[in-house]
Amino acid sequence: MPGWLPRAMVLALALYACFQLGSWAFHQLIGLLTNVLIAFFLALAIEPAVGRMAARGMRRGLATFLVFLAVTIFGLGFVVLLGSMLAGQIVDMVDEFPKYIDSVINWVNQTFRTELSRVEVQDSLLHSDWLQKYVQNSATGVLDVSTTVLGGLFRLLTIFLFSFYFAADGPRLRRALCSVLPPARQTEVLRAWEIAVDKTGGYIYSRGLMALISGVAHYVLLVILGVPYAPALAVWVGLVSQFIPTIGTYLAGALPMLIAFTVDPWYALYVLGFVVIYQQFENYVLQPKLTAKTVDIHPAVAFGSVIAGTALLGAVGALVAIPAVATLQAFLGAYVKRYDVTDDPRVHGGSSRTPGTPLPSRIRRLVWPRR
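Thresholds applied
- Every chain is numbered on its own, with residues counted from 1 as its sequence reads.
- Only residues with pLDDT of at least 70 are given local features in this predicted model, and only at 80 or more are side-chain atom pairs given and counted; all residues enter the totals for whole chains, interfaces and linings.
- Side-chain numbers come from the whole structure's heavy atoms, not from hydrogens or water.
- UniProt positions are given in the numbering used here, feature names are shortened, and annotations may be inferred rather than shown by experiment.
- The secondary structure listing takes helices from DSSP runs of H or I that are at least 4 residues long and strands from runs of E that are at least 2 residues long, numbered from the N terminus.
- For every residue, the accessible area (1.4 Å probe, protein chains only) is compared with the maximum for its type, and the residue is labelled buried under 20%, exposed over 50%, or partly exposed between those bounds.
- A contact between two residues is defined here by any heavy atoms of the two lying within 4.5 Å.
- Only the protein chains shown count as cover for residues, and the accessible areas themselves come from Shrake-Rupley with a 1.4 Å probe.
- A helix's residues, less one, multiplied by 1.5 Å, set its expected span.
- Residues grouped as a nonpolar core are buried Ala, Val, Leu, Ile, Met, Phe, Trp, Tyr and Cys residues, joined through side-chain atoms within 4.5 Å.
- Nonpolar side chains (Val, Leu, Ile, Met, Phe, Trp, Tyr) are joined into patches within 5 Å and like charges within 9 Å, using only residues with over 30% relative accessible area and no salt bridge.
- Within this document, salt bridges are pairs made up of a side-chain nitrogen of Lys or Arg and a carboxyl oxygen of Asp or Glu, the two lying within 4 Å of each other.
- What is called the bend at a residue is the angle between a pair of axes, fitted to the seven residues leading up to and ending at it and to the seven starting from it.
- Pairing of aromatic rings covers Phe, Tyr and Trp, the last counted by its six-membered ring, and requires centre-to-centre distances within 6.5 Å; plane angles under 30 degrees mean stacked, over 60 mean edge-to-face, and any other angle means tilted.
- pLDDT: the predictor's confidence for each residue, scored from 0 to 100.
- For helices, the axis comes from a line fit to the C-alpha atoms of the stretch in contact; other axes are also lines fit to C-alpha atoms, and the angle between any two N-to-C directions lies between 0 and 180 degrees.
- Handedness of a crossing is defined here by the sense of rotation of the near helix relative to the far one, left-handed for an anticlockwise turn of less than a right angle and right-handed for a clockwise turn.
- Residues are grouped as follows: nonpolar covers Ala, Val, Leu, Ile, Met, Phe, Trp, Tyr, Cys and Pro; charged covers Asp, Glu, Lys and Arg; every other residue, Gly included, is treated as polar.
- When describing relative orientation, an angle under 35 degrees is termed roughly parallel and one over 145 degrees roughly antiparallel, while 65 to 115 degrees is termed roughly perpendicular and anything else oblique.

An unreviewed UniProt entry lists the protein under the name AI-2E family transporter, with Streptomyces griseus subsp. griseus as the source organism. For the protein, the Subcellular location (unreviewed entry) comment in UniProt is given as "Cell membrane".

Right under this line is the structure:
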């Protein structure tokens, strides 16, 4: 046996063990890494506001705290307002539920000539097997729901803590990162950081502006229809449709439709039609203009980046995909050499072929050839 073979085998086994250990550690820490990624982009989003306040003489820690306090107050106020609205609507629906059952039973009796009564329907529902199984499953799932809520609160606290340190100690973090790099690399890192701040801030600005426009448009519709809690529903539609990717529009439109249905079933169809029409207006008219001015990314590239981010990191990847791709595109644009485009008709959608004989003339020649 050659003398180097045992050492090579030991080295291969050690490398394989390190790979397995690293893979195990990565899968164990994937949740923490995702939270750090969200916190980093959140810190980039609030960096312009913190930087302006720090430039006026305020300490970065205090400026970051004030920004987070404003965001927290707005979020809690929105949740409390939406919760009170939902509670009131649920109470109203419970009070009106017997009337809904009577109307449905009357329609069934008139249509199918049956003799159903509300007491019989309620008694059959209360003593049904599926209702008892549902109650048992709900009782056993209370602990799981509590665990999920506590886990979500802990994750939210972790994200806010990391984002606070990223924003408050931004200059110190950049100095620590640049201290281990040569001067040429330091310039590139600082330029990439500045681009990331601009693109992330532009993305948040564009989304906030579209949320405002969407909220105002839906508020006008809900006021015209006389749907209750129009301000809260308008804020809900604006925020959810813009900051929850892919399915945000459907989640945002479902709640106003439900509330409008309690007023008049036709109003739910009106709200659905308005949501669909406004979504087309936003996708093809509003969003391309705002995105071109703030994020500077093609709508097709933005759509593809959202799909790719969803496939990689789920909802988190879909949320950070557009600012990440915009940052990468702007950073790499400085290294791509561009040339003047030749004056060719094909560049403008034309054809390089010379105009030939028209089609009707060619058909006549085939049918009646010259002799």
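Peer 1: Account for the overall build of the protein, naming residues and giving values.
Peer 2: The helix and strand tally for the protein stands at 14 helices and 0 strands. Out of the 371 residues in the protein, the part that is buried amounts to 26%. Sequence separation of 24 or more characterises 64% of the internal contacts of the protein that already satisfy a separation of 6 or more. Total accessible area on the protein is roughly 25600 Å²; 70% of this is exposed by carbon and sulfur atoms.

Peer 1: If you had to explain helix 1 (residues 4–28) to someone new, which residues and values would you point to?
Peer 2: Compared with the 36 Å implied by 1.5 Å per residue over 25 residues, the 36 Å span of helix 1 between its first and last C-alpha is a close match. Burial runs low along helix 1: only 0 of the 25 residues are buried.

Peer 1: Lay out the nonpolar core in plain terms, naming residues and giving numbers.
Peer 2: Leu-222, Val-227, Leu-233, Trp-236, Leu-255 and Val-271 are the most contacted members of the largest nonpolar core, which totals 17 residues. Breaking this core down by element, the ones donating at least two residues are helix 3 (60–112), helix 8 (183–225), helix 9 (230–243), helix 10 (248–263) and helix 11 (265–294). If you tally residues by element for this core, the top one is helix 9, at 5 residues. In this structure, Trp-236 is in contact with Phe-78, Leu-82, Ser-241, Leu-251, Ala-252, Leu-255 and Pro-256, ignoring residues within four places of it in sequence. Grouped together as the second largest cluster of nonpolar side chains are 7 residues, Ala-43, Val-67, Phe-68 and Ala-167 included.

Peer 1: Talk me through the UniProt feature "transmembrane region" (unreviewed entry) in the protein; I want residue IDs and the actual numbers.
Peer 2: The feature "transmembrane region" (unreviewed entry), as annotated in UniProt, sits at residues 35–55, 62–87, 149–168, 209–227, 265–281 and 301–328 in this numbering. The span residues 149–168 shows a helical share of 100% and a strand share of 0%, and its end C-alpha atoms are spaced 28 Å apart. Secondary structure content for residues 265–281 is 100% helix and 0% strand, while the C-alpha to C-alpha distance between its ends is 25 Å.

Peer 1: Would you mind going over a nonpolar patch on the surface in detail, with residue names and values included?
Peer 2: On the surface, Leu-212, Val-216, Tyr-219, Val-220, Val-223 and Ile-224 cluster together to form a nonpolar patch covering roughly 570 Å² of accessible area. Its location among the elements puts Val-216 in helix 8.

Peer 1: Explain the pattern of salt bridges to me, using residue names and the numbers behind them.
Peer 2: Between side chains of opposite charge, pairing is possible as soon as their charged atoms come close. Evaluated as defined, the whole model comprises 2 salt bridges. Here Arg-60 ties to Glu-47 by a salt bridge, and the two come within 3.1 Å at their closest N and O atoms. Of this pair, Arg-60 sits in helix 3 while Glu-47 is found in helix 2 (residues 30–55), placing the two residues 13 residues apart along the sequence. Given the relative accessible area of 17%, Arg-60 is considered buried. The salt bridge partner of Glu-188 is Arg-191, with a shortest N-O separation of 3.5 Å.

Peer 1: Outline helix 2, listing residues and values.
Peer 2: For helix 2, built from 26 residues, the straight-helix expectation of 38 Å at 1.5 Å per residue is met to within 8% by its first-to-last C-alpha distance of 36 Å. Where helix 2 bends most, at Glu-47, the angle is about 45 degrees, and the proline Pro-48 comes one to four residues later. Among the residues of helix 2, Thr-34, Asn-35, Ile-38, Ala-39, Phe-41, Ala-43, Leu-44, Ile-46, Glu-47 and Val-50 are the ones counted as buried. Two residues or fewer after helix 2 comes Gly-57, characterised by a positive phi angle close to 105 degrees.

Peer 1: An account of the environment of Ala-324 is needed here, citing residue identities and associated values.
Peer 2: Structurally, Ala-324 is set in helix 13 (residues 315–332). A relative accessible area of 31% means that Ala-324 is categorised as partly exposed. Put simply, Ala-324 and Phe-41 are 283 residues apart on the chain and 8.9 Å apart in space, counted from C-alpha to C-alpha.

Peer 1: Give a description of the packing of aromatic side chains that names residues and reports values.
Peer 2: A complete count under the given rule lists 10 aromatic pairs for this structure. Ring geometry for Phe-164 and Tyr-165: centres 6.0 Å apart, planes at 75 degrees, overall edge-to-face. By relative accessible area, which is 24% here, Phe-164 ends up partly exposed. Under the relative-accessibility criterion, Tyr-165 is labelled partly exposed at 47%. Ring pairs connect the aromatic residues Phe-40, Phe-41, Phe-162, Phe-166 and Trp-193, which therefore count as one cluster.

Peer 1: Could you give an account of the confidence of the model for the protein, naming the residues involved and the relevant values?
Peer 2: Counting all residues, the mean pLDDT for the protein is 77, and 77% of those residues have values of 70 or more. Per-element confidence in the protein is highest for helix 1, whose mean pLDDT is 90, and lowest for helix 14 (residues 359–367), whose mean pLDDT is 62.

Peer 1: Report on the packing of helix 8 against helix 9, specifying residues and quantitative values.
Peer 2: Contact pair helix 8 / helix 9: the axes reach a minimum separation of 7 Å and the direction vectors enclose 145 degrees. Seen along the crossing, helix 8 lies across helix 9 with a hand that is right-handed. Between helix 8, through Ile-204, Arg-207, Gly-208, Met-210, Ala-211, Ser-214, Gly-215, His-218, Tyr-219, Leu-222 and Val-223, and helix 9, the contact on the second element is made entirely by Ala-230, Pro-231, Leu-233, Ala-234, Val-237, Gly-238, Leu-239, Ser-241, Gln-242 and Phe-243. Residues of the contact of helix 8 with helix 9, tallied by class, amount to 13 nonpolar, 7 polar and 1 charged.

Peer 1: Account for the packing of helix 2 against helix 8, with residues named and values stated.
Peer 2: Look at helix 2 against helix 8: their axes get within 8 Å of each other, and the N-to-C directions meet at 85 degrees. Judged by the angle between their axes, helix 2 and helix 8 are roughly perpendicular. Touching Phe-40, Phe-41, Leu-44, Ala-45, Glu-47 and Pro-48 of helix 2 are Trp-193, Ala-196, Val-197, Thr-200 and Ile-204, all from helix 8. Classifying every residue of the contact of helix 2 with helix 8 by side-chain character gives 9 nonpolar, 1 polar and 1 charged.

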